[in-house]
Amino acid sequence: MSGPKGRVLICAGSDSGGGAGIQADIKAVTALGGFAMTAITALTAQNTLGVQGVMGVPADFIRLQIRLVMEDIGADALKTGMLADGATIEAVCDALAEYGPGIPLVADPVMVAKGGHPLLAPDAVATLTERLLPMAAVITPNIPEAETLSGLPIADLAGMHRAAEKLLGMGVQAVLLKGGHGTGAVVTDLLATPDGTEAFESPRIETRHTHGTGCTLASALACGLAQGMTLRDAVIRARGYVRAAMLAAPGFGAGHGPLGHGVTVDPKRIERLA
C-alpha cells in the first residue's frame, strides 16, 4: 500500500465549525492524496452562521510550529490562509524564509469570512502586500480581496484582467483570481502569469453551501504543486475538486454550509484495505 504523496505545510486559522480554515485545508489535502501539516495562526469560534470570536496565537509559537515541522518532516509545498495581523504575517514570512526557502507557496490572502466577519486587520494589508505576496508562487484572491490588494474596482471580466495585471506588476509571480463573487450563470477564474492569462469557466452552482471554498481551492492547489503538477494542471484539478465537493455538500447548518470534502474517497478501496 502506498502512502500519501506530497507534503503540504499549512499556516492558517482554525474553524471550529469544520468547514473552512485549517480543517478544510487538511480535508482537501488528504482527499487528494497528500499529507497535511499545520501551523495554526489563530483560533476562531464559528459555525455556518458566522464568526463569533477570534483568538490569536503568539508569534513565537507560530514560528515554533513551523520550525519543528520543517526540521523533521519537511514540505513539498506551503500554503497560507488566515494571518490576522501584521505581527502574524511577519512571523510566518520570517519562518518560511528561514526554514522553507525555494518551496512553492500558495498564498490565500484571507481578509473576510463568508459571513462578513473581518479576518485581517486593515492596517495589515500593507504588510501582507510587501512581505507575503512576493514570496508566493501563486496567490488566490477572490474579487473583493483583489480589489483591496490592487486598488482597482472589479465590476466585470475586464476588471478582473486589469486587477490581475496590476498584481503581477506588484511583484507577484502568478495570480489565480477567483470569480465566484461575480454575477451571471458562469463562474470565470483567471490564471495570470508573466507568460499570459488563461480563463477557466464553469457553470455557477446555486447553493448556500459555499463555506470554505477559498481555503479548499488554495489547499488543493498547494497539494497539486507538492505532487509535482504544473501550476496550470494543479489549478484545473483544484477547481474540479472544489466543484465536486460543492455538489456533494452534506447540507449541515442553517447558514453558509460546508462542502463534502471526502468526495474523492473511494469506499470500496477502503473496504479492500480493512
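Scroll up for the structure.
Rules behind the numbers
Residues numbered from 1 in each chain as written. Predicted model: local features only at pLDDT ≥ 70, side-chain atom pairs only at ≥ 80, totals over all residues. Heavy atoms only, no water. Helix = DSSP H or I, 4+ residues; strand = E, 2+ residues; numbered from the N terminus. Rg over C-alpha atoms; globule rule 2.2 N^0.38 Å. Buried < 20%, exposed > 50% of the residue type's maximum accessible area, 1.4 Å probe, protein only. Contact = heavy atoms within 4.5 Å. Areas by Shrake-Rupley, 256 points an atom, 1.4 Å probe, with all protein chains shown as cover. Pairing = 2+ DSSP bridges. Core = buried A, V, L, I, M, F, W, Y, C linked by side-chain atoms within 4.5 Å. Polar contact = N/O pair within 3.5 Å; in protein donor to acceptor, adjacent residues only side chain to side chain. Axes fitted to C-alpha atoms, helices over the stretch in contact; angles between N-to-C directions. Parallel < 35°, antiparallel > 145°, perpendicular 65-115°, else oblique. Nonpolar A, V, L, I, M, F, W, Y, C, P; charged D, E, K, R; others polar.

**Student:** Looking at this structure, I do not really get the overall build of the chain. What am I missing?
**Tutor:** In terms of regular secondary structure, the chain is built from nine helices and nine strands. A globule of 274 residues ought to have a C-alpha radius of gyration of about 19 Å, and the chain, at 17 Å, matches this closely. Dimensions of the chain, computed from C-alpha atoms along their principal axes, come out at roughly 55 × 45 × 40 Å. Every one of the 274 residues in the chain was classed for burial, and the buried ones make up 51%. Of the contacts formed within the chain by residues at least 6 apart in sequence, a portion of 66% connects residues at least 24 apart. Approximately 11,900 Å² of the chain is accessible, and the part contributed by carbon and sulfur atoms is 57%.

**Student:** Sorry, what's going on with the pairing of strand β8 (residues 186–193) here?
**Tutor:** The two faces of the sheet receive side chains in turn, since in a regular strand these alternate between them. By the criterion of burial, β8 is predominantly enclosed, with six of the eight residues buried. The sheet contact formed by strand β7 (residues 175–177) and β8 spans three bridges and is antiparallel. Among the inter-strand pairings, Leu176 is bridged to a residue of β8, identified as Leu191. Strand direction decides the pairing type here: β8 and strand β9 (residues 196–203), joined by eight bridges, are antiparallel. Paired with Thr188 across the strands is Glu201, a residue of β9. Between β8 and β9, which pair antiparallel and follow one another directly, the connecting turn spans two residues.

**Student:** It is not clear to me how the nonpolar core should be interpreted in this structure. Could you clarify?
**Tutor:** One recurring pattern in soluble globular proteins: nonpolar side chains tend to sit buried together. Counting 43 residues, the largest nonpolar core has Leu9, Ile66 and Leu177 as its most contacted members. Among residues more than four places away in sequence, those in contact with Leu177 are Pro141, Asn142, Ile143, Ala146, Ile154, Met160, Ala163, Ala164, Thr188, Asp189 and Leu190. Core analysis: the next-biggest nonpolar cluster, separate from the first, contains 33 residues, Ile10, Phe200, Ala226 and Leu259 among them.

**Student:** Please clarify how the side chain of Gln46 should be interpreted in this entry.
**Tutor:** Counting through the fold element by element, Gln46 comes out in strand β2 (residues 35–47). Reaching out from Gln46, the side chain makes a polar contact with the side chain of Thr44 at a distance of 2.7 Å. Leave out the neighbours within four places in its chain, and Gln46 touches Ser14, Asp15, Ser16, Gly17, Val51, Gln52 and His211.

**Student:** Explanation requested: the side chain of Lys79 in the structure shown.
**Tutor:** By secondary structure assignment, the location of Lys79 is in strand β4 (residues 77–80). Side-chain polar atoms of Lys79 contact the side chain of Asp25, separated by 2.9 Å. Beyond its immediate stretch of four places on either side in the chain, Lys79 contacts Val8, Leu9, Ile10, Cys11, Asp25, Leu105, Val106, Asp108, Cys215, Ala218, Ser219 and Ala222.

**Student:** What is the right way to look at helix α4 (residues 125–132) in this model?
**Tutor:** Along an α-helix, residues three or four positions apart point the same way, because every turn accommodates 3.6 residues. Inspection of α4 places Val125, Thr127, Leu128, Thr129 and Leu132 among the buried residues, and these make up the whole buried set. Buried residues belonging to α4 abut β4, α3 (86–99), β5 (105–107) and α5 (143–150).

**Student:** What am I meant to see in the packing of α3 against α4 here?
**Tutor:** A pair of packed helices is captured by two measures, namely the crossing angle of their axes and the spacing between those axes. The interhelical angle for the contact between α3 and α4, taken along N-to-C directions, is 10 degrees, at an axis separation of 9 Å. With respect to their mutual orientation, α3 and α4 come out roughly parallel. Mapping the contact onto sequence places Gly86, Ile89, Glu90, Cys93 and Asp94 in α3 and Thr127, Leu128, Arg131 and Leu132 in α4. Looking at side-chain class alone, the contact of α3 with α4 contains four nonpolar, two polar and three charged residues.

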